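Residue-level structure breakdown
As a plain string of letters, each chain reads:
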Amino acid sequence: VNLLAWLVAAAFYLQWVFSVGVTANLKDVEEDAKSKVFTSPTVFGVTAKNGKTTIPWLFRVYAAGISVAFLVVLGLPLELGLVAGVIDGLLLPLVCYASISLLLLLTTALLLRGPSPSRDTFLRITGVHEGLSLLLVPVVLSAMLLSAIGPGGLLLILGVIIVWPLCWFRLLYGKTLIPLE
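Described in the following lines is the structure provided in the data block. These numbers were taken from a predicted model, which means no experiment stands behind them.

**What to know about the overall build of the protein**
- A tally of regular secondary structure across the protein gives 7 helices and 2 strands.
- Reading the protein from its N end, one meets helices and strands in the order α-α-α-β-β-α-α-α-α.
- Expressed as lengths along the three principal axes of its C-alpha atoms, the size of the protein is roughly 55 × 35 × 25 Å.
- Sorting the 181 residues of the protein into buried and exposed places 40% on the buried side.
- Sequence-distant contacts in the protein: of pairs separated by 6 or more residues, those separated by 24 or more amount to 62%.
- Split by element, the accessible area of the protein, about 10,200 Å² in all, is 72% carbon and sulfur.
- Mean positive and mean negative side-chain charge positions of the protein (11 and 9 charges, respectively) differ by 10 Å.

In structure tokens form, the structure reads like this:
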């Protein structure tokens, strides 16, 4: 197993920690606190009463740290030259990495406002955040994937990552596309 495989695995692990330890637990913090369930938000002092969530700075640092670590770990293959940041003279992988990273930081900031006042909005932002996170891995690996499976294969992978969850969520959960309820 080479360094690239370890970095990709670490990135998926960090995304899982963010998904489970931050967003999934943050959406249920009011019920978790009532039930005295220990989750990362309750341990870090996040409180929710009457639909109003209070998020202390320590939890914000914890969540933002996970998000930034995810971006750094996925940026390392580009920085270390394990994968190319250029395809046919175009900086496409680097530009896409930078753009998606900025969107991930924005969605992280939006998520750290908590599930109040609109739980639906929180869940939609969570879905966008997770979708962008999953999309960032093949974007970083795009030059390598392009040489291995060609442009059609790369577009298929990117398309499947975007279209497949949307189709299944629409089928399973109807118009709201919110599987976390």
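**Digging into empty space enclosed by the protein**
- Scanning all chains against the criterion turns up 1 cavity of 30 Å³ or more.
- If you add up the space inside the largest cavity, you get close to 40 Å³.
- Around the largest cavity sit Leu14, Gln15, Phe18, Ile66, Ser67, Phe70, Leu104, His129 and Ser133, which together line it.
- Of all the elements in the fold, those that place two or more residues in the lining of the largest cavity are helix H1 (3–27), helix H4 (57–79) and helix H6 (119–140).
- Considering only residue class, the lining of the largest cavity consists of 5 nonpolar, 4 polar and no charged.

**Re the pattern of salt bridges**
- What the rule picks out here adds up to 2 salt bridges.
- Between Asp28 and Lys27 there is a salt bridge whose closest N-O contact spans 2.8 Å.
- Given the relative accessible area of 26%, Asp28 is considered partly exposed.

**Here's the deal with helix H5 (residues 92–111)**
- Relative to the 28 Å expected for 20 residues at 1.5 Å per residue, H5 spans 28 Å between its end C-alpha atoms, a close match to the ideal helical length.
- Residues Pro93, Tyr97, Ile100, Ser101, Leu104, Thr107, Thr108 and Leu111 constitute the buried set of H5. Seen end-on, H5 carries its buried residues on one side only, within an arc spanning 130°.

**Details of the layout of surface pockets**
- In this structure, the second largest pocket encloses a volume near 210 Å³.
- Residue lining of the second largest pocket: 13 residues in total, with Ile87, Leu92, Ser142, Leu154 and Leu158 positioned closest to the centre.
- Broken down by secondary-structure element, the contributors of at least two residues to the lining of the second largest pocket are H5, H6 and helix H7 (142–173).
- For the lining of the second largest pocket, the element with the most residues is H7, which contributes 5 residues.
- For the lining of the second largest pocket, the per-class residue count stands at 11 nonpolar, 1 polar and 1 charged.

**Quick notes on the nonpolar core**
- Counting residues in each nonpolar core, the largest one holds 24 residues, and the members touching the most others are Phe70, Leu74 and Leu136.
- With 6 residues, the top contributor of residues to this core is H6.
- Excluding residues that lie within four positions of it along the chain, Leu74 makes contacts with Ala11, Tyr97, Leu136, Val137 and Val140.
- By size, the runner-up hydrophobic cluster in this structure holds 16 residues, among which are Phe18, Phe59, Ala63 and Ile125.

The rules we used
- Residues numbered from 1 in each chain as written.
- Predicted model: local features only at pLDDT ≥ 70, side-chain atom pairs only at ≥ 80, totals over all residues.
- Heavy atoms only, no water.
- Helix = DSSP H or I, 4+ residues; strand = E, 2+ residues; numbered from the N terminus.
- Buried < 20%, exposed > 50% of the residue type's maximum accessible area, 1.4 Å probe, protein only.
- Contact = heavy atoms within 4.5 Å.
- Areas by Shrake-Rupley, 256 points an atom, 1.4 Å probe, with all protein chains shown as cover.
- Lys, Arg positive; Asp, Glu negative; His and termini not counted.
- Charge placed at Lys NZ, Arg CZ, Asp CG, Glu CD.
- 1 Å grid on protein atoms, 1.4 Å probe; cavity = no way out; pocket = protein on both sides within 12 Å on 5 of 7 lines; lining within 4 Å.
- Points joined across faces, edges and corners; volume = space filled by probe spheres on them.
- Nonpolar A, V, L, I, M, F, W, Y, C, P; charged D, E, K, R; others polar.
- Salt bridge = Lys/Arg side-chain N within 4 Å of Asp/Glu carboxyl O.
- Expected span 1.5 Å × (residues − 1).
- Arc of directions from axis to C-beta.
- Core = buried A, V, L, I, M, F, W, Y, C linked by side-chain atoms within 4.5 Å.

Read these as layout, nothing more, since geometry by itself doesn't imply function.
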